[in-house]
Amino acid sequence: MAKQSKQRQQLGRGLKSLLNNIESDISKNEEVVKQLSHTVAMIPLSTIEVNPFQPRVEFDQEALDELASSIKTYGLIQPITVRRVADNQYQLISGERRMRASKLAKLKEVPAYIRLADDQELMEMALVENIQRQNLNPIEVAVTYQRLIEEFNLTHESMSDRVGKKRSTISNSLGLLQLPPDIQKGLKESKISAGHAKALKGVDDIVLQSALYKRVIEKGLSVRALERLVSDLKAEKTPVATSKKPVLSADYQNVQQQLSNHLETKIQLKVNDKGKGQIVIPFKDTAALNRILELMNA
């Protein structure tokens, strides 16, 4: 029994020692990264994986080729930012365009800032870095806002604090995701501006939204012209208030009927409360008018 107790004590000491070693390794790794976060380190491109939360998904190939040519001549001047995920393994936080161009330029390693960040911080940092550089199209920004809200349970208010944008700006951006796919695609491809998209969002009918979008593309309408067009369409759908027609008395209705019978056409008699009024005699052509005149003279 004493032997078993001694074995348990040794096992306990061994487990405690192992945990201490792990905590020590983690502490050392964090200390290394903290030190490196203030300096630029040269990191092999082969050890850097793409940021899974990168909001930008499309890159202009011509622009990448131009940047690659510049990097071949001058090197990568602006460092990328990464986080350390394991020994000799890093994950990109920001600078994917620079990293892609560096690969095209056949670089083996690139200058980088190394930071500590969990997944939420990683995603937020990538978003903020790109928004501040105005590199994202409106749909990419909106999609990333939506992901942050859903995956990390953020409110529009807390999102506003994180990215330094007004709450209304974030709400308007998220509203773009309610537009039809063809309009979202046009916005991503810069066929229309965010101003056009905002005006189209004010139209409730999806079919009409798409029709107006096509007209903007075909006619090259400005945002102001589209806003006027949307306003006119809404005005057409708004019922116009009309004054209540006075009801003819039985005597006036009898006169109206007699005139209609005599002139063989539907006569409209209008009379107000004071007895003032008019007789409306419609006709479709000159022949009809001549016939009415003959009947009046008869």
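Details of the structure are given in the entry above.
**Details of a negative patch on the surface**
Right, on to step 1. Negative charge collects at one region of the surface, where Asp60, Glu62, Asp65 and Glu66 lie side by side.
Right, on to step 2. Looking at the element boundaries, aspartate 65 is found in helix α2 (residues 61–74).
Right, on to step 3. Its relative accessible area of 40% is what places aspartate 65 among the partly exposed residues.

**Focus on helix α8 (residues 181–188)**
Right, on to step 1. For α8, every residue scored as buried is listed here: Ile183, Gln184, Gly186 and Leu187. Axial view of α8: buried residues confined to an arc of 160°, hence all on one face.
Right, on to step 2. Directly beyond the C-terminal end of α8, a positive phi value near 60° is found at serine 190.

**Some remarks on the nonpolar core**
Right, on to step 1. If you look at the biggest cluster of nonpolar residues, it comprises 20 residues, and the most contacted ones within it are Ile43, Ile48, Ile80 and Val82.
Right, on to step 2. Counting residues per element, the ones that place at least two in this core are β1 (40–44), α2, β3 (80–86), β4 (89–94), α3 (96–104) and β5 (109–115).
Right, on to step 3. Each residue touching isoleucine 48, except ones within four places of it in the same chain, is listed here: Ile43, Ile80, Val82, Tyr90, Leu92, Met99 and Val110.
Right, on to step 4. Listed in part, the 16 residues of the second largest apolar core include Ala199, Val203, Val216 and Leu226.

**Looking at the packing of helix α9 (residues 194–201) against helix α10 (residues 206–219)**
Right, on to step 1. Relative orientation of the contacting elements α9 and α10 amounts to 150°, with a least axis distance of 10 Å. On the basis of the axis angle, α9 is roughly antiparallel to α10. The two elements α9 and α10 cross, and the hand of that crossing is right-handed. Judged by residue contacts, His196, Leu200 and Lys201 of α9 engage Gln209, Leu212, Tyr213 and Val216 from α10.
Right, on to step 2. Of the residues belonging to the contact of α9 with α10, the class tally is four nonpolar, two polar and one charged.

**Topic: the pairing of β5**
Right, on to step 1. Relative to β5, β1 runs antiparallel, the two sharing five bridges. Paired with isoleucine 43 across the bridge in β5 is valine 110.

**Some words on the pattern of salt bridges**
Once their charged atoms are close, side chains differing in charge can pair, the charge on each being opposite to the other.
Right, on to step 1. Considering all chains together, one arrives at six salt bridges under this definition.
Right, on to step 2. With a closest N to O distance of 3.4 Å, glutamate 157 and arginine 167 form a salt bridge. Of the two residues, glutamate 157 sits in helix α6 (residues 156–163) while arginine 167 sits in helix α7 (residues 167–175), which places them 10 residues apart along the sequence.
Right, on to step 3. Note on glutamate 157: relative accessible area 41%, which makes it partly exposed.
Right, on to step 4. A salt bridge links glutamate 189 to lysine 185; its shortest N-O distance comes to 2.6 Å.
Right, on to step 5. Looking at lysine 185, the relative accessible area reads 47%, which means it is partly exposed.
Right, on to step 6. Within the structure, one salt-bridge network assembled from shared partners comprises Lys185, Glu189 and Lys191.

What counts and what doesn't
- Residues numbered from 1 in each chain as written.
- Predicted model: local features only at pLDDT ≥ 70, side-chain atom pairs only at ≥ 80, totals over all residues.
- Heavy atoms only, no water.
- Patch = residues over 30% accessible without salt bridge, like charges linked within 9 Å, V, L, I, M, F, W, Y side chains within 5 Å.
- Areas by Shrake-Rupley, 256 points an atom, 1.4 Å probe, with all protein chains shown as cover.
- Salt bridge = Lys/Arg side-chain N within 4 Å of Asp/Glu carboxyl O.
- Lys, Arg positive; Asp, Glu negative; His and termini not counted.
- Charge placed at Lys NZ, Arg CZ, Asp CG, Glu CD.
- Helix = DSSP H or I, 4+ residues; strand = E, 2+ residues; numbered from the N terminus.
- Buried < 20%, exposed > 50% of the residue type's maximum accessible area, 1.4 Å probe, protein only.
- Arc of directions from axis to C-beta.
- Core = buried A, V, L, I, M, F, W, Y, C linked by side-chain atoms within 4.5 Å.
- Contact = heavy atoms within 4.5 Å.
- Axes fitted to C-alpha atoms, helices over the stretch in contact; angles between N-to-C directions.
- Parallel < 35°, antiparallel > 145°, perpendicular 65-115°, else oblique.
- Left-handed = near helix turned anticlockwise from the far one by under 90°.
- Nonpolar A, V, L, I, M, F, W, Y, C, P; charged D, E, K, R; others polar.
- Pairing = 2+ DSSP bridges.

Limitation: the analysis is restricted to geometry and does not speak to function.
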